[in-house]
Structure formats: structure tokens, C-alpha cells
Amino acid sequence: MIIGNLTYDRARDTYTGELATLTVAARTLVFQPNEAKSDKARREPNYRVVSPAKGGDIELGGAWKKFTNDGREYLSVTLADPALTQSVNCAVVNSGGKGEEFILVWSRDARKTKTA
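Residues numbered from 1 in each chain as written. Predicted model: local features only at pLDDT ≥ 70, side-chain atom pairs only at ≥ 80, totals over all residues. Heavy atoms only, no water.

1. Some points on the pattern of salt bridges
If the charged atoms of two oppositely charged side chains come close together, the side chains can form a pair. All told, the structure shown has four salt bridges when counted by the stated rule. With a closest N to O distance of 3.9 Å, Arg12 and Asp9 form a salt bridge. On the basis of relative accessible area, Arg12 is assigned to the exposed category, the value being 58%. By relative accessible area, Asp9 is classed as partly exposed at 29%. Salt-bridge contacts for Arg72 lead to Asp70; the nearest nitrogen and oxygen are separated by 3.3 Å. Given the relative accessible area of 54%, Asp70 is considered exposed. (Salt bridge = Lys/Arg side-chain N within 4 Å of Asp/Glu carboxyl O. Buried < 20%, exposed > 50% of the residue type's maximum accessible area, 1.4 Å probe, protein only.)

Quick look at the structure:
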């Protein structure tokens, strides 16, 4: 399910766009490069996911650069909100159009869905 559309700014290494779902009105998202601050840099996200607000950016999560089995790069994203019972995991992938257009996709983990 597509829950966001993003544009990549190569010069600034930043993704910008909107997140929208049935329960979340359109909200601006910015994926800002995150400089590693510790020896455990591999655990730290490559990007901070923020939403600009009047009083300053609101941090919503992080994104890590990863590769598919066939070598295509994508971002593995974790979004968090105090109102949610758990974090939301999703991915940023190329939309298949222009090289700078991306989508934020989410899917329910089939392993956690129980059927009767």
C-alpha cells in the first residue's frame, strides 16, 4: 500500500514529500541525512525522518539504506508515534518513473496476521 510520495534531492541527499493514510491527514515528511555519532554507526539510521512544525522539526523515525537480493537500493523505514501500539515498518522505493521520484510503501506482516 502506498502511504507517501517523495522526491529525492541528490545535491542535499534529502527526500521530501507527504505521508497520508486513512487516519493520518497529509503530513509533510523530510528524510534528513544523519551523521553517525558513535562507534555503533551501523545501528544508527542513515536518515532522520522528520515533519516540519512551527516550533521545530518533529522526529517521526529513521531510515536505513539497504539492498534487495538483485542489488537495487531502498530505504528501510521505521516510523513511531506514541498513539500507536508498535512502530510501523515500511520502505522507500523508486516509483518506476523518473529517477528522483519515490514512494513510501507499507504492508501488513503476514507472519503476524492470524486467520481463524
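2. Some points on unusual backbone geometry
Note: most residues except glycine have negative phi, and most peptide bonds are trans. Residue Asp13 is not a glycine yet carries a positive backbone phi of 50°. Inspection of the secondary structure puts Asp13 in the loop between strand E1 (2–9) and strand E2 (14–19). Taking the relative accessible area as the measure of exposure, Asp13 reaches 24% and is therefore partly exposed. (Helix = DSSP H or I, 4+ residues; strand = E, 2+ residues; numbered from the N terminus.)

3. Here we look at the sheet that holds strand E6 (residues 73–79)
Taking strand neighbours around the barrel as the criterion, the eight strands line up as E1-E2-E3-E4-E5-E6-E7-E8 in a closed arrangement whose pairing is antiparallel. When the angles between neighbouring strand axes are averaged without regard to direction, this sheet yields 25°. Looking at chain direction, E1 and E2 are connected through six bridges and run antiparallel. Across the sheet, residue Tyr8 finds its bridge partner in E2, namely Tyr15. (Pairing = 2+ DSSP bridges. Axes fitted to C-alpha atoms, helices over the stretch in contact; angles between N-to-C directions.)

4. A few points about the side chain of Ser51
By the element assignment, Ser51 lies in strand E4 (residues 47–51). Under the relative-accessibility criterion, Ser51 is labelled buried at 2%. A polar contact is formed between the side chain of Ser51 and the backbone oxygen of Thr28, at a distance of 2.8 Å. Look past the residues within four positions of Ser51 in its chain and what remains in contact with it is Arg27, Thr28, Gly56, Asp57, Ile58 and Leu60. (Polar contact = N/O pair within 3.5 Å; in protein donor to acceptor, adjacent residues only side chain to side chain. Contact = heavy atoms within 4.5 Å.)

5. A word on the packing of aromatic side chains
Scanning the model with the defined rule gives five aromatic pairs in all. Geometrically, the ring pair formed by Tyr15 and Tyr47 is edge-to-face, given 5.5 Å between the ring centres and 80° between the ring planes. Of the two residues, Tyr15 is situated in strand E2 and Tyr47 in strand E4; the sequence distance between them amounts to 32 residues. The exposure class of Tyr15 is buried, given its relative accessible area of 8%. Ring centres of Tyr15 and Phe102 lie 5.3 Å apart, and the angle between their planes is 85°; on these two criteria the pair is classed as edge-to-face. With Tyr15 in strand E2 and Phe102 in strand E8 (residues 101–105), the pair connects residues that are 87 residues apart, well separated along the chain. Overall, the relative accessible area of 12% leaves Phe102 in the buried class. Taken together, the ring pairs connect Tyr8, Tyr15, Phe31, Tyr47 and Phe102 into an aromatic cluster. (Phe/Tyr/Trp six-rings, centres within 6.5 Å; stacked < 30°, edge-to-face > 60°.)

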